[in-house]
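Inside the fold
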Amino acid sequence: SDVYKRQFLSFNTDGGNIGSADSVDNSAGHLDLAQSELGAFPSSPIITAGSTVTRTADSLVRAGTGFSSRWNADEMTIRVPVFDSPGIGIRTIWQAEDPSDPAGNRYVIYTDGTDLKFKIVEGGVATCEIIIGTITPRADHSVVVAWAVDDVAGSIDGNPEVTSGDTAGSLPSVGQRRIGASSTADEELYGHVPYDNWYIRRMPNVAALAS
């Protein structure tokens, strides 16, 4: 039959390998476009009965020990691939923020039109803001930013790093990371960030990391 049906298999993993084979009444089949799930059932469908159900928005926030165990308050380097950013308006790519004051204390990588920028905000004041380079709308880019007190650098696609000091002589305290959006409405990325790499040092080879 040419009818498409969504089904699922439930099984355990052994030694890191995932696989399944079965034959019933001399019949056989194959599984395409497999999607692994943390749990016994597929997460995408929402089973309803008699009324609609609103799906909870996906969360791209890392908080708690998942954040604090990877964060160095004195110096950091972040590498973020950015795919398909539109290059229109202000679009937040990556932000580390104070959960109680996300706009007032944060580190943010974002685009302003086609300008790629990095900003540090402490106590509601931008203590550092640099233009790292220019993006091509709907293209793929690699972005790296690194910082310590009075020592900030950024690079896009391996281009020579842009450096700056900061005006505070200190760094803001933050407690969570957010991807693709900020605490301000209408600053969503409308692009893709497949992952982010964290280094708990202000790495010296920022341009090489971005290449």
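Structure's up top.
So, a few notes on the structure that sits alongside this text.

Description of the side chain of serine 155
The topology assignment puts serine 155 in strand β8 (residues 151–156). Look at serine 155 and you get buried, because its relative accessible area is 0%. In this structure the side chain of serine 155 is engaged in a polar contact, spanning 2.6 Å, whose partner is the backbone oxygen of asparagine 159. Those residues in contact with serine 155 that lie beyond four places of it in its chain are Ile132, Ser142, Val143, Val144, Glu161, Val206, Ala207 and Ala210.

Some words on the sheet that holds strand β2 (residues 75–83)
The five strands are arranged β9-β8-β7-β2-β11 in an open sheet whose pairing can be described as antiparallel. Each edge of the sheet is formed by a strand with only one pairing partner; in this case those strands are β9 (162–164) and β11 (197–199). The sheet shows a mean angle of 15° between the axes of neighbouring strands, direction not considered. Summarising the sheet, β8 and β9 pair through three bridges and their orientation is antiparallel. Note that in β9 the partner of alanine 153 across the bridge is threonine 163.

A look at the packing of aromatic side chains
Taken as a whole and assessed by the stated rule, the structure comprises nine aromatic pairs. Look at tryptophan 94 and tryptophan 198: their rings are 6.4 Å apart centre to centre, the planes differ by 80°, and that puts the pair in the edge-to-face class. Pair noted here: tryptophan 94 is in strand β3 (residues 90–98) and tryptophan 198 is in strand β11, with a separation of 104 residues, a long-range link. On the accessibility criterion, tryptophan 198 (16% relative accessible area) is buried. A ring pair is formed by tyrosine 107 and tryptophan 147, whose centres lie 4.6 Å apart and whose planes are at 20°; its orientation type is stacked. Note that tyrosine 107 is positioned in strand β4 (residues 101–112) and tryptophan 147 in strand β7 (residues 140–148), a separation of 40 residues in sequence. Accessibility classification places tyrosine 107 together with tryptophan 147 in one group, the buried group. Among the aromatic residues, those joined into a cluster by ring pairs are Phe67, Trp71, Trp94, Tyr107, Phe118, Trp147 and Trp198. A cation over a ring is seen here: arginine 62 above tryptophan 198, with NZ or CZ 5.1 Å from the ring centre.

Quick word on the environment of glycine 87
Note that glycine 87 resides in the loop between β2 and β3. Given the relative accessible area of 12%, glycine 87 is considered buried. Sequence separation of glycine 87 and threonine 114 is 27 residues, and the distance between their C-alpha atoms is 4.7 Å.

About the criteria used
Residues numbered from 1 in each chain as written. Predicted model: local features only at pLDDT ≥ 70, side-chain atom pairs only at ≥ 80, totals over all residues. Heavy atoms only, no water. Helix = DSSP H or I, 4+ residues; strand = E, 2+ residues; numbered from the N terminus. Buried < 20%, exposed > 50% of the residue type's maximum accessible area, 1.4 Å probe, protein only. Polar contact = N/O pair within 3.5 Å; in protein donor to acceptor, adjacent residues only side chain to side chain. Contact = heavy atoms within 4.5 Å. Pairing = 2+ DSSP bridges. Axes fitted to C-alpha atoms, helices over the stretch in contact; angles between N-to-C directions. Phe/Tyr/Trp six-rings, centres within 6.5 Å; stacked < 30°, edge-to-face > 60°. Lys NZ or Arg CZ within 6 Å of the ring centre and 35° of its normal.

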